[in-house]
Structure formats: structure tokens, C-alpha cells
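Summary of the model geometry
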Amino acid sequence: MKIRRQQLKHKAKELLRSVGNACGACLPATEKRQSKPQPPPTMEPQTKSRARSLVKTALNIGHKFLVLLVRWLSRTIYGEHGKRMPPITNLILMESASSLATKIRTRKLTSVEVMQAFIDRCKEVNPLLNCVVDERFEAALKEAAQADKLIESGTLTVEQLEREKPFLGVPISTKDCIRVQGLLHTSGIWYRRNIRGEKDARAIELMRRAGAIPFALTNVSECCMWWESVNTIHGRSRNPYDANRIVGGSSGGEGCIQAAAASPFGLGSDIGGSIRMPAFFNGIFGHKPSKFIVSNDGQYPEALSEEQQSFLGIGPMCRYATDLKPMLRVIADENAAKLRLDEPVDLKQIKFFYQPNDGGAHLVSPVDLDIRDAMEKVMAHFRATVKAEVKKVTLEKLRQSAPIWFANMKTPAKVGFDAQLRNLDGRINPLVELLKWPFGQSNHTLVGIMTAVTEWSGVQYDTEDYHYNVRQRNLLRDQITELLGDNGVFIYPTHPTVAPYHNEPLIRALNFSYTAIINVLGLPATAVPLGLGREGLPIGLQVVAGVNQDRLCLAVACELERAFGGWVAPEVNA
């Protein structure tokens, strides 16, 4: 054995010497003189790498077993299917926001009767779904009456109303982190439970200017940083398709209210998928705009850096794809010109790229068969109907989506989640809260507490790991930007599974990475529903385009709605 070991060492030295000579030939003479001989490498790095690989494999196997166990327990506890919502009996509830606006300004409907229809629907479904956490029903009805008077006066022609107030008299809802004057503005944080909006957020102000009337505020996750909408102020929201399932987060209440036909359209916000995941789980459309297009003014929590500001965006959520573009035009305000929304999109000229999964990221669920099948049908549709160029790609760095997002979310301010949960007025003690939680004495959710506990063990700002992940983000962004150009879209799962049971996200925490990676790239993305899967729950995908190429996402969304049906009304109680 000793002889064999010596022979190996000798060969290793010869190999290193030859490599060193080859490299040295490429260096300037000064660098050759200054370079010092390096000691021969040992087997230690390989051993560590092998050990890490074994640990990851063991963790993945253990995680899959845990997922199966929790799913079995959830089905045992909840049953095969939860309660469903009451039936939709008023046909007004089935209209798009754009259609309602047209009928109101042409006097086929009054704003008051439209408003009353949605108020009644909220009261009907909310006891089951718990999506509405505050309302201004009386004030909204008075404003609806004023809108009807304006139309009846003839002061403005129908054409002028369409141009200047495109959503006159239409009810609008929004999530409890986007400020509405007079309504709660808690963001699901216990220490903000009594705070109310002193004035409208900029996006709400713009929608009011366009004639829309805010009437309902919807539930969010605690501090808007989790993908199940539950908090200790308002409780848990439930999915209209199965009350045992989640609605997503943080715009979960907003996705829920629209899927239940209790609001014609609304606003959400998205820093890691908070528009697109709820849109996916509730079978509606949701669009995250390109970076820096829509003002985040009046949203809480606020972005803590310019970089984080680029990840965060307010965007439209609605049941019908036709509402996306006019909503985006309104809330983009002066930035709408950058998006060229009125420029026609020829689907035959679009290049379609798709990837069916993230390549097998650590502790992320495999993509459901229903979702993979739906994606293939979408690709076949574009090949057959518009004869588009469709190409399957493999972007390897998508496997690193979660660590890239976590690292890039770090800021110089280093404001921790423990401070956010205290509304930036001191910090909570997460270990004390963790001890109080099993006894129902904590003011915070378990996931909020655990986030605060584990936050400081992750990558920190301005460290070697942080800069590594920033570089990986930049490389991936350059790769996708070059791939898409100004006429390409990337089709990618919105989420790897349909809506899980309540609390299941705790053991599937990293599944949000499918949407989160798009935020740190600053790209626009639209969640598109594609009907219901075998479990009777919504499935879909997201359409991603280059920066400021939002119109491509919206055009593809409209085509997919036409081809596959879009939103499907949930089944009702027997």
C-alpha cells in the first residue's frame, strides 16, 4: 500500500508541475517571477464535497418522506374535500371589470346596483372564506350614487368617460398592506392592528382617479412575508375551491375574493411571488410588472434599499385577462409609455421558450404531473396555431433560485424580521415568543417566529456568500435577457404543486422559489390559469418577458384565456 501511495503522490506532483508550466506560459514575465509554488492539493476538498453531497441527499430523502407523512395527516384530519362556497346567482358577478365599466357608462347598469351585488356577495362568502378583513360598504355605495349622477348629467360624453375615467363606478378591492384612506393598514402585524390609512397609496389614488371605487380590504400573511395568508389579527383565509386548502400569500385574500366572484378586480403586491402564487392557487390572473414601473408609495412593509425596491411591485389581479392591460396602464401612470401597451403584439413573431421545472433544486417539490401536462399542451397550442418558434431550454442557475433570492433580499440597513414584527419599534424576542406560542400566548404566527429565529443564520449582507449570489443573479439575468431579447417569452411553472392543505407550506417552504427568482431579475411575469387539475384545484403557469416588455406577457395571457378558458367558477355546495 505504501508503494502504491508513493506512486500516486509522484504522479500528482508531475501533473501539477505540467499544469503549472502550462499556466505559467500564459502569464506575463512579472507574474511568473512573483508567483509562488503552491502546495499540492490534498483529498480534503473532495472529501468535504462528497460529505456535503451525502448530507444533501439524506436531507432530500428525509424531506420527501416528511412531505408524504404530512400530506397523509392532512387528508386524515381535513378529509378529501372541504366546504365549498355558495352558488353565484347574480349574473353581474360574472362580468369583467372592463365590461362592467362599459355597461355603467352606457347606462345598461348603474354603479349602485353593481356595488350592491358585490357587497352582498362579500357578505355571503366571507363567513366561510375569511378573505375580507375591513370594508367601506356604505361610503362605497354613496360614491357609486355620485358616479351614476355624473353619467346621468351628460357633462362628459361616453367617449370622454372611457378615456378619462375608464373604470368609473366599478368596485375595487385591495390587500391589507396597500393603504386605503380610513381602512386598516396592518400588513398582518399585531403591533399595527389599530393603524388605519391616513391617505390612499399612490396606486389606489390612480385607480380612484380612473373612477374605480375601493370597497373591501383583503387578508394577508403576517408582515406579508409568507405564502399562506394567516395572521393573529384576522385569522386564516380559505380557498374557494376547497376550504381545506390555502389561498397563497401574501395577496391571498385578494386572490380568494376574486375567485369567489366577490370583487371584479383588485391590486396585489409582489416581492417573491405574492401576486402570482395567490393568482395560481385561486385560478385567476395576476401580473407582476417590470421593476420601477408602478409606485410602491403607501405600501407597508417598505423596501429597505433601492435594490429591494426593484424586487417589489404593485400589480393587477383579476378573473379576466382583458382587465390586465387597462389596469396596468392606470397604475403605471407616467411610466406607462415605457411599456408601449398600445403597440400591437403579433404572436407569430414571438419566440417561446419554456422549462418544465427548476432542474431539481434542494428541498423544492417536484412539479405536479397536471402542471407539466398543461405546459406541454400550451406549447403544442403555440406550435400548431400561430406556428411560433417554441424551444425547450435548461437554465441551470434556476436550481439556485432560493439562495439567490434570500441573499439578494439582504440590505445594508440589516433590519431584521424581529424588528419588522414589532413595527420597527424595537424588536421581539423570537425565542421567548417560541416558548409562548404552544400555549396560545404569542401575538405571532409560528412561521413568523421561526423566520425571526433563523434569519441571522443565513447569508448576511456584504459577505463572500452574498456577493457570490449577487453574481449568480447577474449571470442568470444576462442569460435570460439575451435569450428573450425584445420578442421572447419564457414559460415556467408558477408553483410546483396545486394549493396545499393549511399549514403544509411549513414543510414545503422553498416552493416559492419558482416565483421569487423572477423578482430579483426585475422581469415582468403574468400568472395564467389553465383550468382545474385532477384534484379539482386550479393549475396554471407564469409567462415571463424582458424588462418593460409587459405587453408580451399580457398578449400571451389573453391568447391562453381564449384557448383554455381562463378562470373557472368554483363548484358550489350541493
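Keep in mind it's a predicted model, so treat the numbers as computed, not measured.

What counts and how
- Every chain begins its residue count from 1, and numbering advances along the sequence as written.
- Totals for whole chains, interfaces and linings use every residue, but because this is a predicted model, local features are given only for residues with pLDDT of at least 70 and side-chain atom pairs only at 80 or more, for both listing and counting.
- For side-chain calculations, the full set of non-hydrogen atoms in the structure is used, while hydrogens and water are omitted.
- Two strands pair if DSSP finds at least two bridges between them.
- A helix here means a DSSP run of H or I that spans at least four residues, while a strand means a run of E at least two residues long, and both kinds are numbered starting from the N terminus.
- Orientation is described by axes fitted as lines to C-alpha atoms, over the contacting stretch for helices, and by angles from 0 to 180 degrees between their N-to-C directions.
- To count as a disulfide, a pair of cysteine sulfur atoms needs to be within 2.5 Å.
- Here's how the labels work: a residue is buried when its accessible area is under 20% of the maximum for its type, exposed when over 50%, partly exposed in between, all with a 1.4 Å probe on protein chains only.
- Note: crossing handedness is left-handed where the near helix turns anticlockwise from the far helix by less than a right angle, and right-handed where it turns clockwise.
- Note on definitions: a residue-residue contact is assigned when non-hydrogen atoms from the two residues lie within 4.5 Å.
- Basically, the charged four are Asp, Glu, Lys and Arg, the nonpolar ten are Ala, Val, Leu, Ile, Met, Phe, Trp, Tyr, Cys and Pro, and anything else, Gly included, counts as polar.
- pLDDT is a per-residue confidence score from the predictor, ranging from 0 to 100.
- For this analysis, a ring pair means two rings from Phe, Tyr or Trp (six-membered ring only for Trp) whose centres lie within 6.5 Å, classed as stacked if their planes differ by under 30 degrees, edge-to-face if by over 60, and tilted for the remaining angles.
- Side-chain atoms within 4.5 Å are what join buried Ala, Val, Leu, Ile, Met, Phe, Trp, Tyr and Cys residues into a set we call a nonpolar core.
- Think of a 1 Å grid over the protein atoms and nothing else: a 1.4 Å probe that fits but is trapped marks a cavity, an open set flanked by protein within 12 Å on at least five of seven lines marks a pocket, and residues with an atom within 4 Å of a point count as lining.
- Grid points are joined across faces, edges and corners, and a volume is the space filled by probe spheres set on the points.
- Between 65 and 115 degrees an angle is taken as roughly perpendicular, under 35 as roughly parallel, over 145 as roughly antiparallel, and anywhere else as oblique.

Here we look at the sheet that holds strand S7 (residues 285–288)
- A sheet is described by the order of its strands in space; here eleven strands give the open sequence S1-S3-S2-S6-S8-S7-S12-S13-S11-S9-S10, paired in mixed fashion. Of all the strands in the sheet, the pair left with one neighbour each is strand S1 (132–135) and strand S10 (389–392). Pairs of neighbouring strands in the sheet enclose a mean axial angle of 25 degrees, with direction left out of account.
- Bridging between S7 and strand S8 (residues 313–318) involves two bridges; their strand directions are antiparallel.

Quick notes on the state of the cysteines
- For the structure on display, the rule yields zero disulfides.
- Cysteine Cys-122 remains unbridged, with the sulfur of Cys-131 as its closest cysteine sulfur at 6.5 Å.
- For Cys-122, a relative accessible area of 3% corresponds to the buried category.
- Unpaired in this structure, Cys-224 has its nearest cysteine sulfur neighbour in Cys-177, at a distance of 3.9 Å.
- Classification of Cys-224 by relative accessible area gives buried; the value is 9%.

Some points on the packing of helix H8 (residues 202–209) against helix H12 (residues 324–332)
- The N-to-C vectors of H8 and H12 enclose an angle of 115 degrees; their axes lie 8 Å apart at closest approach. As H8 packs across H12, the resulting crossing turns out to be right-handed. Together, Ala-203, Leu-206 and Met-207 of H8 and Met-327, Val-330 and Ile-331 of H12 make up the contact between the two elements.
- Classifying every residue of the contact of H8 with H12 by side-chain character gives six nonpolar, no polar and no charged.

A word on the confidence of the model for the chain
- Per-chain confidence: the chain averages 92 in pLDDT, with 91% of residues scoring 70 or above.
- Low pLDDT (under 50) marks residues 1–37, which in the prediction has five contacts with non-local residues, meaning those over four places away or in another chain.

Side note on the packing of aromatic side chains
- In total, this model carries 14 aromatic pairs according to the counting rule given.
- Judged by centre distance (6.2 Å) and plane angle (20 degrees), the ring pair of Trp-227 and Phe-281 falls under stacked. Within this pair, whereas Trp-227 is found in the loop between strand S3 (213–218) and strand S4 (230–231), its partner Phe-281 is found in helix H10 (residues 276–282), the two being separated by 54 residues in sequence. For the pair Trp-227 and Phe-281, a shared accessibility class is recorded, and that class is buried.
- On the basis of an interplanar angle of 25 degrees and a centroid distance of 5.3 Å, the ring pair of Phe-490 and Tyr-492 is categorised as stacked. Here the two residues Phe-490 and Tyr-492 agree in accessibility, since each one is buried.
- Ring pairs connect the aromatic residues Trp-226, Trp-227, Phe-280 and Phe-281, which therefore count as one cluster.

With respect to the nonpolar core
- Formed by 147 residues in total, the largest nonpolar core has its most connected members in Phe-167, Phe-265 and Leu-267.
- When residues in this core are grouped by element, the largest group, nine residues, is from helix H5 (residues 111–129).
- Of all hydrophobic cores here, the second largest spans seven residues; its members include Ile-189, Phe-417, Leu-421 and Ala-452.

Here's the deal with the environment of Met-277
- Counting through the fold element by element, Met-277 comes out in helix H10.
- Taking relative accessible area as the criterion, Met-277 reaches 3% and is therefore assigned buried.
- Taking the C-alpha atoms as reference points, Met-277 and Gly-249, separated by 28 residues in sequence, lie 6.8 Å from one another.
- Apart from the residues lying within four places of it in its own chain, the contact partners of Met-277 are Trp-227, Gly-249, Gly-272, Thr-494, His-495, Phe-512 and Thr-515.

Some points on empty space enclosed by the protein
- If you walk through the whole model with that rule in mind, you get one cavity of 30 Å³ or more.
- By volume, the largest cavity is sized at about 40 Å³.
- Along the walls of the largest cavity sit Glu-222, Met-225, Trp-226, Phe-417, Thr-445, Val-447, Gly-448 and Thr-451, which together make up its complete lining.
- Per element, the largest residue contribution to the lining of the largest cavity is three residues, and it comes from helix H18 (residues 446–454).
- Split by residue class, the lining of the largest cavity holds four nonpolar, three polar and one charged.

A look at the layout of surface pockets
- Its boundaries defined by the atoms lining it, the second largest pocket holds a volume of some 670 Å³.
- As for the second largest pocket, its lining consists of 30 residues, and the residues nearest its centre are Ser-365, Pro-366, Asp-368, Thr-497 and Arg-508.
- Those elements that provide at least two residues to the lining of the second largest pocket are helix H3 (44–78) and helix H14 (369–385).
- Per-element tally for the lining of the second largest pocket: the top contributor is H3, with seven residues.
- Residues belonging to the lining of the second largest pocket are distributed by class as follows: eleven nonpolar, nine polar and ten charged.

Brief notes about unusual backbone geometry
- The omega torsion of the bond from Gly-249 to Ser-250 falls at 5 degrees, within 30 degrees of zero and hence cis.
- Looking at where Ser-250 falls in the secondary structure, it is placed in the loop between strand S5 (235–236) and helix H9 (252–259).
- With an omega of 0 degrees, the peptide bond between Tyr-300 and Pro-301 qualifies as cis.
- Mapped onto the elements of the fold, Pro-301 is located in the loop between S7 and helix H11 (306–311).
- Backbone geometry places Arg-107, a non-glycine residue, at a positive phi of 65 degrees.

Concerning H12
- Among the residues of H12, Leu-324, Met-327, Leu-328, Val-330, Ile-331 and Ala-332 are the ones counted as buried.
- At the C-terminal side of H12, Asp-333 shows a positive phi close to 55 degrees.

Quick notes on the environment of Gly-540
- Inspection of the secondary structure puts Gly-540 in strand S13 (residues 538–545).
- The contact partners of Gly-540, leaving out residues within four places of it in the chain, are Phe-280, Ile-371, Thr-494, Val-528, Pro-529 and Leu-530.

Re the packing of H14 against helix H21 (residues 550–564)
- The N-to-C vectors of H14 and H21 enclose an angle of 100 degrees; their axes lie 12 Å apart at closest approach. Taken as axis vectors, H14 and H21 run roughly perpendicular relative to one another. Every residue of H21 that contacts H14 at Lys-377, Val-378, His-381 and Phe-382 is listed here: Val-556, Glu-559, Leu-560, Arg-562, Ala-563 and Phe-564.
- Counted by class, the contact of H14 with H21 contains six nonpolar, one polar and three charged residues.

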